[in-house]
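Below, each chain spelled out in residue letters.
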Amino acid sequence: MYSLTKKYKESLKLTPDQKSIIVGTLLGDATMRLSNGRPVYSIKFEQGIQHKGYVEHLFEVFEPFCGTGPNERYIDKEQTRKSVSFSTYRHDEFIFYYNYFYDT
């Protein structure tokens, strides 16, 4: 059976604004990762807690590509520094950006 989530994800296409934001943020602080040596075609947006409003704005832009909203976490053992982040779904729309920005 074809799941509604899979069908929904397949219907998603990046807008020109989203594409521009991806390029700018991958040149900055956004990341794409590997899992078991293989690319994961999703994007993680993360900033210090002082930039929470910016991350929330990015989430609004990419919300159709996300399952959950931004999360806060401590980024040091002393629990004095926090960040806020969210990640997109894995999606074929991000393959181009992985291949462009990461040595594969």
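Calculation notes
- Residues numbered from 1 in each chain as written.
- Predicted model: local features only at pLDDT ≥ 70, side-chain atom pairs only at ≥ 80, totals over all residues.
- Heavy atoms only, no water.
- Axes fitted to C-alpha atoms, helices over the stretch in contact; angles between N-to-C directions.
- Helix = DSSP H or I, 4+ residues; strand = E, 2+ residues; numbered from the N terminus.
- Parallel < 35°, antiparallel > 145°, perpendicular 65-115°, else oblique.
- Left-handed = near helix turned anticlockwise from the far one by under 90°.
- Contact = heavy atoms within 4.5 Å.
- Nonpolar A, V, L, I, M, F, W, Y, C, P; charged D, E, K, R; others polar.
- Buried < 20%, exposed > 50% of the residue type's maximum accessible area, 1.4 Å probe, protein only.

**Comments concerning the packing of helix α2 (residues 16–27) against helix α3 (residues 52–62)**
Contact geometry of α2 with α3 gives a least axis separation of 10 Å together with a crossing angle of 140 degrees. Between α2 and α3, the crossing angle belongs to the class labelled oblique. Seen along the crossing, α2 lies across α3 with a hand that is left-handed. Packed against α2, whose contacting residues are Gln-18, Ile-21, Ile-22 and Thr-25, the element α3 presents Tyr-54, Leu-58, Val-61 and Phe-62 at the interface. Among the residues making up the contact of α2 with α3, the classes are represented as six nonpolar, two polar and no charged.

**Side note on unusual backbone geometry**
Here Asn-36, not a glycine, exhibits a phi torsion of approximately 55 degrees, which is positive. The residue Gln-79 is not glycine, and still its phi comes out positive at about 55 degrees. Its location among the elements puts Gln-79 in the loop between β3 (71–74) and β4 (82–87).

**Some remarks on the environment of Gln-47**
Considering the arrangement of structural elements, one finds Gln-47 in strand β2 (residues 38–48). Note on Gln-47: relative accessible area 16%, which makes it buried. Between the C-alpha atoms of Gln-47 and Asp-29, which are 18 residues apart in sequence, the distance is 7.4 Å. Look past the residues within four positions of Gln-47 in its chain and what remains in contact with it is Asp-29, Tyr-54, Val-55, Ser-83 and Val-84.

**As for the side chain of Ser-85**
Tracing the backbone through its elements, the reader meets Ser-85 in strand β4. If near-sequence neighbours (up to four positions away) are discounted, Ser-85 is found in contact with Lys-44, Phe-45, Glu-46, Val-55, Gly-69, Pro-70 and Asn-71.

**With respect to the side chain of Ser-83**
Relative to the helices and strands, Ser-83 is located in strand β4. According to the relative accessible area criterion, Ser-83 is buried, its value standing at 2%. Apart from the residues within four sequence positions on either side, Ser-83 is in contact with Glu-46, Gln-47, Gly-48, Ile-49, Asn-71, Glu-72, Arg-73 and Ile-75.

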